[in-house]
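So you can see what is in the structure, the chains are spelled out below.
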Amino acid sequence: MAESILSLATRLRTEEGPGVVGVDLCGDPTARPGGEISIFSPVFKQAASNGLGITVHFAEAEASGSFDELRTLLSWNPGRLGHVIWEDDAAKKEIAERELCLELCLSCNVQAGMVHGGFQNHHFKHWFEMKRPRISLATDDVGVFGSPLSNEYRLVAQHFGLDRAQICHLARQGIDGIFGGEKERQRLRDIMWTE
């Protein structure tokens, strides 16, 4: 199945228009074939060689928060990591050193009980205070959790005391983490508000 998805993504990448720019690994970490994430290594290495960006969900659940799993995922050279809730100190250090873009989903994580202690204890605070890696606020399942992206920005402002300048800086961080190429990154920089 993963090979057929890669084939389709690669084909759509080469068609005229924006097309597909990347592939993602997500889902129930306990439902892996044989229990190992490395079974997908050939597919993601091929995706990278086909020019597709890679994003992977890591540590969304405790079952997927091991440093061994992170090592495997990082061997695929992802540009983005999703959720990163249950990582240990070694994983945090490695993620920070690579300066990946983190997709953080506050509403999803809090409402689904993935983090303990509500919004004020969300790991957004840890990564925001570190100043790296880049953060791209995201929202999972808007219809389920009822939180569009604009609300995610409201939540970080409310729960972490971010002012307008900090919100603007945060919103621009995600630009460097997109898979649309430098031309698209520059287009976004040009239309985003300035300080």
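Scroll up for the structure.
Residues numbered from 1 in each chain as written. Predicted model: local features only at pLDDT ≥ 70, side-chain atom pairs only at ≥ 80, totals over all residues. Heavy atoms only, no water.

A. Representation of the overall build of the chain within the structure. A tally of regular secondary structure across the chain gives ten helices and five strands. For the C-alpha atoms alone, the extent of the chain along its principal axes is close to 45 × 40 × 35 Å. Across the 195 residues of the chain, 43% fall into the buried class. Within the chain, contacts between residues separated by at least 24 positions form 62% of all contacts whose residues are at least 6 apart in sequence. Surface exposure of the chain reaches about 10300 Å², of which carbon and sulfur atoms provide 53%. In the chain, 20 side chains carry a positive charge and 27 a negative one; their mean positions are 6 Å apart. (Helix = DSSP H or I, 4+ residues; strand = E, 2+ residues; numbered from the N terminus. Buried < 20%, exposed > 50% of the residue type's maximum accessible area, 1.4 Å probe, protein only. Contact = heavy atoms within 4.5 Å. Areas by Shrake-Rupley, 256 points an atom, 1.4 Å probe, with all protein chains shown as cover. Lys, Arg positive; Asp, Glu negative; His and termini not counted. Charge placed at Lys NZ, Arg CZ, Asp CG, Glu CD.)

B. Structural view of the nonpolar core. One finds F58, W76, L81, F124, V156 and L170 to be the most contacted residues of the largest nonpolar core, which totals 52 residues. In terms of residue count, helix α8 (residues 149-160) provides more of this core than any other element does, four residues in total. Setting aside residues no more than four positions away along its own chain, L81 makes contact with T55, V56, F58, L70, I95, L100, C101, L102 and E103. (Core = buried A, V, L, I, M, F, W, Y, C linked by side-chain atoms within 4.5 Å.)

C. Inspection of the side chain of Q173 at higher detail. For Q173, the location among the structural elements is in helix α9 (residues 164-173). Judged by its relative accessible area of 14%, Q173 is buried. Residues in contact with Q173, not counting those within four places in the same chain, are P133, R134 and I135.

D. Expanded view of α9. Among the residues making up α9, those that are buried are I167, C168, L170, A171 and Q173. Where α9 is buried, its residues touch α6 (124-130), β5 (134-137) and α8. Here α9 starts with a cap whose side-chain oxygen sits 3.2 Å from the backbone nitrogen of A165, and that cap is D163. (Polar contact = N/O pair within 3.5 Å; in protein donor to acceptor, adjacent residues only side chain to side chain.)

E. Looking closely at the sheet that holds strand β4 (residues 101-104). The five strands are arranged β1-β2-β3-β4-β5 in an open sheet whose pairing can be described as parallel. Unpaired on one side and paired on the other, β1 (22-25) and β5 mark the two borders of the sheet. Neighbouring strand axes in the sheet, compared pairwise and without regard to direction, differ in orientation by 25° on average. (Pairing = 2+ DSSP bridges. Axes fitted to C-alpha atoms, helices over the stretch in contact; angles between N-to-C directions.)

F. Local environment of the packing of helix α3 (residues 67-74) against helix α4 (residues 89-98). Between α3 and α4, whose axes approach to 9 Å, the crossing angle comes to 20°. Taken together, the axes of α3 and α4 are roughly parallel relative to one another. For the element pair α3 and α4, the recorded crossing hand is left-handed. Across the interface between the two elements, F67, L70 and L74 from α3 touch A90, A91, E94, I95 and R98 from α4. Among the residues making up the contact of α3 with α4, the classes are represented as six nonpolar, no polar and two charged. (Parallel < 35°, antiparallel > 145°, perpendicular 65-115°, else oblique. Left-handed = near helix turned anticlockwise from the far one by under 90°. Nonpolar A, V, L, I, M, F, W, Y, C, P; charged D, E, K, R; others polar.)

G. Seen up close, the pattern of salt bridges. Applying the stated rule across the entire model yields nine salt bridges. D68 is paired through a salt bridge with R71; the nearest N and O atoms lie 2.2 Å apart. In this pair, D68 and R71 both sit in helix α3, three residues apart, roughly one turn of the helix. Between E103 and R80 there is a salt bridge, and its shortest N-O distance comes to 2.6 Å. A residue pair is termed long-range when its members are at least 10 positions apart, and E103 in strand β4 and R80 in strand β3 (residues 80-83) qualify at 23 residues. One continuous salt-bridge network, built from bridges that share partners, spans D176, E182, R185 and R189. (Salt bridge = Lys/Arg side-chain N within 4 Å of Asp/Glu carboxyl O.)

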